[in-house]
Amino acid sequence: MPIDDYTGGAVQGSDVLVVTTNDVPGHEVKQVIGEVFGLTVRSRNIGSQLGAGLKSVIGGELKGLTKTLVQTRNEAMERLVEAAGVRGANAVLAMRFDVTTAQDAGTEVCAYGTAVIIAPVS
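Cut-offs and rules
- Residues numbered from 1 in each chain as written.
- Predicted model: local features only at pLDDT ≥ 70, side-chain atom pairs only at ≥ 80, totals over all residues.
- Heavy atoms only, no water.
- Helix = DSSP H or I, 4+ residues; strand = E, 2+ residues; numbered from the N terminus.
- Buried < 20%, exposed > 50% of the residue type's maximum accessible area, 1.4 Å probe, protein only.
- Contact = heavy atoms within 4.5 Å.
- Areas by Shrake-Rupley, 256 points an atom, 1.4 Å probe, with all protein chains shown as cover.
- Phe/Tyr/Trp six-rings, centres within 6.5 Å; stacked < 30°, edge-to-face > 60°.
- Lys NZ or Arg CZ within 6 Å of the ring centre and 35° of its normal.
- Core = buried A, V, L, I, M, F, W, Y, C linked by side-chain atoms within 4.5 Å.
- Pairing = 2+ DSSP bridges.
- Axes fitted to C-alpha atoms, helices over the stretch in contact; angles between N-to-C directions.
- Patch = residues over 30% accessible without salt bridge, like charges linked within 9 Å, V, L, I, M, F, W, Y side chains within 5 Å.
- Salt bridge = Lys/Arg side-chain N within 4 Å of Asp/Glu carboxyl O.

## Details of the overall build of the protein
In terms of regular secondary structure, the protein is built from two helices and four strands. Beginning at the N terminus, the succession of helices and strands in the protein can be written as β-β-α-α-β-β. Every one of the 122 residues in the protein was classed for burial, and the buried ones make up 27%. For the protein, the proportion of contacts with a sequence separation of at least 24, taken over those separated by at least 6, is 78%. Of the roughly 7700 Å² that the protein leaves accessible, carbon and sulfur atoms contribute 53%.

As structure tokens, this is what we get:
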């Protein structure tokens, strides 16, 4: 599988910069809008569960589950960027992921951070 199947990153075509740092070099925060998040819950399909059970016996990467988790994180990021944009932000600082099991039904992934308006330092 191509590496793009296993990586995340910026939402294509977005005007909202998302960083895991508390600031953006060469920019200053003009306004703090507040916390924003993007949330999704994804269940595993029966094929992935059977494959994962077999792999846990013989060892190795669970590629199907890895790909699903990457897709889930990307979906949460897209929702985060959308939420920030709707609130008028052009950046999200200190972005993090929180991943939990949702009542044994699936995996909950939340991307969260602080929506801000930044501008280049003059």
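Here the narrative resumes, following the displayed structure.
## Here we look at unusual backbone geometry
You will see that Ala-94, though not glycine, has its phi angle at about 55°, which is positive. Structurally, Ala-94 can be placed in strand β3 (residues 91-102).

## Some words on the packing of aromatic side chains
According to the stated counting rule, one finds zero aromatic pairs in the structure shown. When the ring centre of Phe-97 is taken as origin, the NZ or CZ atom of Arg-73, which lies over that ring, is 4.5 Å away.

## Description of the side chain of Thr-72
Considering the arrangement of structural elements, one finds Thr-72 in helix α2 (residues 63-86). For Thr-72, a relative accessible area of 2% gives the class buried. Thr-72 has contacts with Thr-40, Arg-42 and Val-109, leaving out every residue within four places of it along the chain.

## Some points on the nonpolar core
In terms of nonpolar packing, the biggest core is built from 14 residues, with Val-36, Leu-80, Ala-84, Val-92, Met-95 and Ala-115 touching the most fellow members. Breaking this core down by element, the ones donating at least two residues are β2 (27-42), α2, β3 and β4 (106-120). For this core, the element with the highest residue contribution is α2, accounting for five residues. Those residues in contact with Val-36 that lie beyond four places of it in its chain are Leu-80, Ala-83, Ala-84, Arg-87, Val-92, Ala-111, Tyr-112, Gly-113 and Ala-115. By size, the runner-up hydrophobic cluster in this structure holds six residues, among which are Val-24, Leu-93, Val-116 and Ile-118.

## Brief notes about the sheet that holds β4
Whether parallel or antiparallel, the strands of a sheet pair through hydrogen bonds between backbone atoms. Pairing is mixed in the open sheet, where four strands are placed in the order β1-β3-β4-β2. For this open sheet the edge positions go to β1 (17-18) and β2, each flanked by a neighbour on one side alone. Summarising the sheet, β2 and β4 pair through 14 bridges and their orientation is antiparallel. The partner of Gly-38 across the bridge, within β4, is Ala-111. Contacting β1, β2, β3 and β4, α2 crosses the sheet at an angle of about 135° to β2.

## Description of a nonpolar patch on the surface
On the surface, Phe-37, Leu-39 and Tyr-112 cluster together to form a nonpolar patch covering roughly 260 Å² of accessible area. Considering the arrangement of structural elements, one finds Leu-39 in strand β2. Overall, Leu-39 belongs to the partly exposed group, its relative accessible area being 34%.

## A word on the environment of Val-19
In this structure, Val-19 sits in the loop between β1 and β2. The class for Val-19 is buried, based on a relative accessible area of 18%. The spatial distance from the C-alpha of Val-19 to the C-alpha of Ala-91 is 7.8 Å, given a sequence separation of 72 residues. Ignoring any residue separated from it by four or fewer positions in sequence, one finds Val-19 in contact with Val-24, Val-92, Leu-93, Ala-94 and Met-95.

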